[in-house]
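These are the residues of each chain, in order.
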Amino acid sequence: MPPRKKARTSETTASSGGEAAPKRRKVSVGKDGSNSAGSPEHSHWLMKSEPESRSENGIDMKFGIEDLKALPNQTSCWDGVRNYQARNFMRQMKEGQLAFFYHSNCKDPGIAGLMRIVKEAYVDHTQFDKKDVHYDAGSKPDNPKWSMVPTRGHTPGLVPVDVQYQRMLKRFLPLSELKKHHLQHRAGGGPLRDMALFTRARLSVQPLTPEEFDFILSLEDQEPL
DNA sequence: GCCAACGTTGGC
DNA sequence: GCCAACGTTGGC
């Protein structure tokens, strides 16, 4: 079983978040700017994980970029996300898109490297379809039984994305440095003005604009601020 | 280990 | 649907 990212406690994620409600959804714009009709397409991502050992309910939370790199295929399922916004972002991810691997809750927080989305999140719908061979009367959309990973940490019915290690950044980009740029850009304009890492501090899966992504990548060739 | 920020829960 | 209490995140 692949390691968990941000998995927390034995609480099962309830389906109260709205996805399970199939009809009557208002196409409302969330705080994150995304909506159920899928308006703004995000193309780049930042995903947080903890590189240092920490036991939570007997589970070691450690999963840094080196751990991803060491796996077969350098690929892992990014499970354990149980925040609805984060989960919704994961559902928007498209194969081939790039994400920063961010080290959080550790001595040295910051962006360590790059990974790529190699499998998109999906829900297996066949089990709900009476005409399908996989139909299971006991499986309900808000609690699917098959091909799902209804373990702690993510909504039953969602198979989370798979990510593959791409490369380390040429140098580690510490949060402190990113924050300096963010503050500068707040004051004088610049691509990191509204970066979610600072404006939505607790979001563990977040989108980046291409401008944010490119700017951050350009930092690896520069002296630290 | 502290604690601020903020998301979630549940009573009303 | 409001909002206070509670729990979690995550930098420091």
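Whatever comes next refers back to the structure up there.
Residues numbered from 1 in each chain as written. Chains lettered and ligands numbered in written order. Predicted model: local features only at pLDDT ≥ 70, side-chain atom pairs only at ≥ 80, totals over all residues. Heavy atoms only, no water.

1. Quick notes on the overall build of chain A
Of the regular secondary structure elements, chain A holds 5 helices and 8 strands. In sequence order, chain A lays out its α and β elements as β-β-β-α-β-α-β-β-β-α-α-β-α. Split into buried and exposed, the 225 residues of chain A put 44% on the buried side. In chain A, 70% of the contacts between residues at least 6 apart in sequence involve partners at least 24 apart. For chain A, the exposed surface amounts to about 11700 Å²; the carbon and sulfur share of it is 51%. (Helix = DSSP H or I, 4+ residues; strand = E, 2+ residues; numbered from the N terminus. Buried < 20%, exposed > 50% of the residue type's maximum accessible area, 1.4 Å probe, protein only. Contact = heavy atoms within 4.5 Å. Areas by Shrake-Rupley, 256 points an atom, 1.4 Å probe, with all protein chains shown as cover.)

2. Examining the packing of aromatic side chains
When we look at a pair of aromatic rings, we describe it by the centre distance and by the angle of the planes. Applying the stated rule across the entire model yields 5 aromatic pairs. Relative to Phe89, the ring of Trp45 has its centre 6.0 Å away and its plane inclined at 55°; by these criteria the two rings are tilted. Of this pair, Trp45 sits in strand 1 (residues 44-49) while Phe89 is found in helix 2 (residues 84-92), placing the two residues 44 residues apart along the sequence. The pair Trp45 / Phe89 is uniform in exposure class, with both members buried. Joined through ring pairs, the aromatic side chains of Phe63, Trp78 and Phe101 make up one cluster. (Phe/Tyr/Trp six-rings, centres within 6.5 Å; stacked < 30°, edge-to-face > 60°.)

3. Remarks on the packing of helix 3 (residues 175-188) against helix 5 (residues 210-219)
The geometry of helix 3 relative to helix 5 is characterised by a closest axis approach of 12 Å and an angle of 130° between their N-to-C directions. With respect to helix 5, the element helix 3 is oriented oblique. Judged by the sense of rotation from one axis to the other, the crossing of helix 3 with helix 5 is right-handed. The segment helix 3 lies against helix 5, with Leu178, His181 and His185 engaging Phe215, Ile216 and Leu219. (Axes fitted to C-alpha atoms, helices over the stretch in contact; angles between N-to-C directions. Parallel < 35°, antiparallel > 145°, perpendicular 65-115°, else oblique. Left-handed = near helix turned anticlockwise from the far one by under 90°.)

4. A closer look at the protein's contact with DNA strand B
Surveying the vicinity of DNA strand B reveals the residues Asn83, Tyr84, Arg200 and Arg202. A distance of 3.1 Å separates a phosphate oxygen of DNA strand B from a polar side-chain atom of Arg200. When the residues that make up the surface near DNA strand B are grouped by side-chain class, the tally is 1 nonpolar, 1 polar and 2 charged. (Near = heavy atom within 4 Å. Polar contact = N/O pair within 3.5 Å; in protein donor to acceptor, adjacent residues only side chain to side chain. Nonpolar A, V, L, I, M, F, W, Y, C, P; charged D, E, K, R; others polar.)

5. Quick word on the pairing of strand 6 (residues 110-119)
The buried fraction of strand 6 amounts to 7 of the 10 residues, a majority that puts the element mostly inside the structure. Pairing between strand 5 (residues 98-103) and strand 6: 6 bridges, direction antiparallel. The residue of strand 6 that forms the bridge with Tyr102 is Ile111. Connecting strand 5 to the antiparallel partner strand 6 that follows it, the hairpin turn spans 6 residues, and Asn105 within it adopts a positive phi of roughly 50°. Sheet topology note: the strand 6/strand 7 (residues 162-174) ladder contains 8 bridges and is antiparallel. Looking at strand 7, one finds that Ile111 is bridged to Leu173. (Pairing = 2+ DSSP bridges.)

6. Topic: the sheet that holds strand 4 (residues 75-77)
Strand order across the open sheet formed by 6 strands is 4-7-6-5-1-8, with mixed pairing between neighbours. Edge positions in the open sheet fall to strand 4 and strand 8 (205-208), since each of these has one partner strand only. Strand-to-strand, the axes of this sheet are offset by a mean angle of 35°, without reference to chain direction. Packing against the sheet, helix 3 makes contact with strand 5, strand 6 and strand 7, and its axis sits at approximately 75° to strand 7.

7. Some points on unusual backbone geometry
The phi torsion of most residues other than glycine is negative, and most of the peptide bonds are trans. Of note, the phi angle at Gln74 is positive, near 50°, even though the residue is not glycine. Relative to the assigned elements, Gln74 resides in the loop between helix 1 (65-70) and strand 4. Exposure remark for Gln74: the relative accessible area of 28% places this residue in the partly exposed category. Phi at Asn105 is positive, roughly 50°, even though this residue is not glycine. With respect to the element layout, Asn105 can be found in the loop between strand 5 and strand 6.

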